[in-house]
Amino acid sequence: MESESESERAILCGICTGGDGYSSEATLAELAELASAAGASVIATALQNRPSPDNATMLGSGKLREVAELCRSEKADLLIFDDELTGTQIKNIEDIAGVRVIDRTALILDIFAKRARSGEGRLQVELAQLKYLVPRLTGIRSGLSRLGGGIGTRGPGESKLETDRRHIRRRILSLEAGIKEISQRRELLRERRAKDGVLTAALVGYTNAGKSTLLNALTGAQVFAEDQLFATLDPTSRGLLLPDGRSIVLIDTVGFIRKLPHHLVDAFRSTLEEAAQADLILNICDFSDPAAQMQLEVADGILGELGCLDKPQLVLLNKCDLVPFTGALLPGLAGRKFVRISAKDGTGFDEMLAAIARLLPVNRKGIRLLLPYAQTALIDDVRRFGAVDGIEYLPQGIELTGSIDTERLHLVEAYLHADDAPPEEI
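Throughout, a residue's number is its position along its own chain's written sequence, starting from 1. Totals for whole chains, interfaces and linings use all residues, but because this is a predicted model, local features are given only for residues with pLDDT of at least 70 and pairs of side-chain atoms are given and counted only at 80 or more. Side-chain measures here rest on the full set of heavy atoms in the structure, leaving out hydrogens and waters.

Asker: Would you mind going over the overall build of the protein chain with me for this structure?
Answerer: A helix here means a DSSP run of H or I that spans at least four residues, while a strand means a run of E at least two residues long, and both kinds are numbered starting from the N terminus. Within the protein chain, the secondary structure is distributed over 14 helices and 13 strands. The burial tally for the protein chain puts 50% of its 426 residues in the buried class. The contact definition used throughout considers only heavy atoms, calling two residues in contact when any of these lie within 4.5 Å. Sequence-distant contacts in the protein chain: of pairs separated by 6 or more residues, those separated by 24 or more amount to 69%. Taken as a whole, the protein chain presents about 19,700 Å² of accessible surface, with 49% of it coming from carbon and sulfur. Residue exposure (1.4 Å probe, protein chains only): buried if accessible area is under 20% of the type maximum, exposed if over 50%, otherwise partly exposed. Computed by Shrake-Rupley with a 1.4 Å probe, the accessible areas treat only the displayed protein chains as cover when residues are assessed.

Asker: Any chance you could explain the sheet that holds strand E2 (residues 40–49) here in plain terms?
Answerer: Backbone hydrogen bonds hold the strands of a sheet together, and the pairing may be parallel or antiparallel. A strand pair is defined by DSSP finding two or more bridges across the two strands. Here 4 strands make up an open sheet; going across it, the order is E2-E1-E3-E4 and the pairing parallel. Two strands in the sheet have a free side with no partner beyond their single neighbour: E2 and strand E4 (100–103). Direction aside, the axes of adjacent strands within the sheet are offset by 25 degrees on average. Angles run from 0 to 180 degrees between N-to-C directions of axes, and those axes are lines fitted to C-alpha atoms, restricted for helices to the stretch in contact. Lying on the sheet, helix H2 (residues 61–74) is in contact with strand E1 (8–16), E2 and strand E3 (78–81); it crosses E2 at an angle near 160 degrees.

Asker: What's the story with the nonpolar core in this structure? I'm lost.
Answerer: In a soluble, globular protein the nonpolar side chains are often hidden away together inside. Core analysis: the largest hydrophobic core is formed by 55 residues, its most contacted members being Ile 80, Leu 107, Phe 256, Leu 264 and Phe 268. Among all residues touching Leu 264, those that are not within four sequence positions of it are Ile 108, Leu 109, Phe 112 and Ala 128. Core analysis: the second largest hydrophobic core is formed by 28 residues, Leu 214, Ala 221, Leu 242 and Ile 341 among them. The term nonpolar core refers to a set of buried residues drawn from Ala, Val, Leu, Ile, Met, Phe, Trp, Tyr and Cys, joined through side-chain atoms within 4.5 Å.

Asker: Would you explain the packing of aromatic side chains in this entry?
Answerer: Geometry of an aromatic ring pair is reported as the spacing of the ring centres plus the angle between the planes. Pairing of aromatic rings covers Phe, Tyr and Trp, the last counted by its six-membered ring, and requires centre-to-centre distances within 6.5 Å; plane angles under 30 degrees mean stacked, over 60 mean edge-to-face, and any other angle means tilted. Tallying each qualifying case throughout the model produces 1 aromatic pair. Positioned over the ring face of Phe 385 is Arg 408, at 4.2 Å from the centre of the ring. Think of it as a cone above the ring: NZ of Lys or CZ of Arg counts as a charge over the ring if it is within 6 Å of the ring centre and within 35 degrees of the ring normal.

Asker: Looking at this structure, how should I read the side chain of Thr 105?
Answerer: With respect to the helices and strands, the residue Thr 105 is situated in helix H4 (residues 104–115). By the criterion applied in these results, polar contacts are pairs of N or O atoms within 3.5 Å in which, for protein atoms, one can donate a hydrogen and the other can accept it, and in which residues neighboring in sequence qualify only through two side-chain atoms. Only 2.8 Å separates the side chain of Thr 105 from the side chain of Glu 84, close enough to count as a polar contact. If near-sequence neighbours (up to four positions away) are discounted, Thr 105 is found in contact with Glu 84, Tyr 132 and Pro 261.

Asker: What should I look at first to understand the packing of H2 against helix H3 (residues 87–97) in this one?
Answerer: The angle between the axes and the distance between the axes are what describe a pair of packed helices. Relative to each other, H2 and H3 sit at 55 degrees, their axes nearing to 9 Å. The pairing of H2 with H3 is recorded here as oblique in orientation. Helix-helix and strand crossings are classified by hand; for H2 and H3 the assignment is right-handed. Across the interface between the two elements, Leu 64, Ala 68, Cys 71 and Arg 72 of H2 pack against Ile 93, Ile 96 and Ala 97 of H3. Amino acids are sorted into nonpolar (Ala, Val, Leu, Ile, Met, Phe, Trp, Tyr, Cys and Pro), charged (Asp, Glu, Lys and Arg) and polar (every other residue, Gly among them). Along the lines of polarity and charge, the residues of the contact of H2 with H3 split into 6 nonpolar, no polar and 1 charged. Any angle from 65 to 115 degrees is called roughly perpendicular, while one under 35 is roughly parallel, one over 145 is roughly antiparallel, and all others are oblique. Handedness of each helix crossing follows the sense of rotation of the near helix against the far helix: counterclockwise by less than a right angle gives left-handed, clockwise gives right-handed.

Asker: Just checking my understanding: could you explain empty space enclosed by the protein for this structure?
Answerer: Over the atoms, a rolled probe matching the size of one water molecule traces out where space is still vacant. Points on a 1 Å grid over protein atoms alone make up a cavity when a 1.4 Å probe fits among them but cannot get out, and a pocket when they form an open set with protein on both sides within 12 Å along at least five of seven lines; lining residues each have an atom within 4 Å of a point. Grid points are joined across faces, edges and corners, and a volume is the space filled by probe spheres set on the points. Taken as a whole and assessed by the stated rule, the structure comprises 2 cavities of 30 Å³ or more. Considered as a void within the structure, the second largest cavity measures approximately 40 Å³ in volume. Considering the residues around the second largest cavity, the lining is formed by Phe 112, Val 254, Gly 255, Leu 260, Leu 264, Val 265, Phe 268 and Leu 272. Residue composition of the lining of the second largest cavity, by class: 7 nonpolar, 1 polar and no charged.

Asker: Explanation requested: H3 in the structure shown.
Answerer: Each turn of an α-helix holds 3.6 residues, which means side chains three or four residues apart point in the same direction. Residues of H3 that are buried include every one of Gly 87, Gln 89, Ile 90, Ile 93, Glu 94 and Ala 97, and no others. Looking straight down H3, one finds that the buried residues subtend no more than 160 degrees of arc, so they occupy a single side. One or two positions beyond H3, positive phi appears at Gly 98, with a value near 75 degrees. Think of it as the arc spanned by the lines of direction from the helix axis to the C-beta atoms.

Asker: Can you help me understand the pairing of strand E13 (residues 397–405) in this one?
Answerer: Residues in a regular strand point their side chains to alternate faces of the sheet. For E13, the tally of buried residues reaches 7 of 9 residues, placing the bulk of the element in the interior. Bridge count between strand E11 (residues 364–371) and E13: 8 bridges; the pairing is antiparallel. The residue bridging Arg 368 from the neighbouring strand is Thr 401, located in E13. Across 8 bridges, strand E12 (residues 386–394) lies against E13 in antiparallel orientation. Paired with Leu 394 across the bridge in E13 is Gly 397. A loop of 2 residues connects E12 with E13, the two strands running antiparallel in sequence.

Below, the structure written as structure tokens:
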């Protein structure tokens, strides 16, 4: 972690139009968290009330001159805007303020470039960055040549920005081809899981809501989990045994955030499709956060973009250990299934696992077998692909009651009790 003396001194800027559905103070507070995650030190904020963004400078010339003076007096290195800027706006603001300028999207992309570990993650981030940069090359290139690197320049880097649009678009095509290949591999893996009768549940939700902490608590995955935005990016899959004896695969996905750059949604679509293809969506939100309702709305919006709002879903109200429960519920929970939990101390885990078992599709069949003693190996098959409830050793064979995945029923079909055997086709 950079010390404060080494980190870039940033001033946050935003506008309040009153019609974006978000609290401007709340989004600036979140922008401050993002800036901190990127390694910046926030020294001041500037919020301007306007009916609409100024086409030339976002804030308007008068307010921008105030911000420029603030930059000089506070020795700021960087201006971070809460809304997306055009290349022309970036150039105009830098000319007046004399410091480097980035927007919320560039900041989020920078954090992703910093945190991506897998080859797939790096490809996805670079693709999102290049798509963001193409329409802004003129403004960003002039800023970089005058002011050097820093936050917002990680990833493709200055050398790639200095190439022409044709080369960048060629790189975009190459990245899209690579990601398409990854997407096809993911699809094959999903098909294999479906063929083997593997059930999946996707952990989705707002960034820093506790998805990785929950995955670690349930499966011992030891995924990196910190109290910071976008602590982890690369998806992780781990097996989990449910109380009813069934096994599922839990899939951790990238966190959501309000004003999530559409370039990121597009680039990470192959990863986010894990949620769209899952048998169950576990939508986790931070119940201790005053903005918990907003977290649910953001998650629902992105899930809607992915076309998976019709999937079975369980809302997990996490961090309930941090707030007393008064009985008041979020408006967004009306008509939805939810459980209050604490991923940190395990509160509510029994209720959560039971709810998961109820919401997953039924792919088990209850069985009653009479096995010859020569077929005792089939007992292990039933345990592996189902559950054994009882065994009784009789003179005529081994009587077993339990359940087995329907895809594996053929293994024991010959030994079903007459009452349980499927009818013969005539």
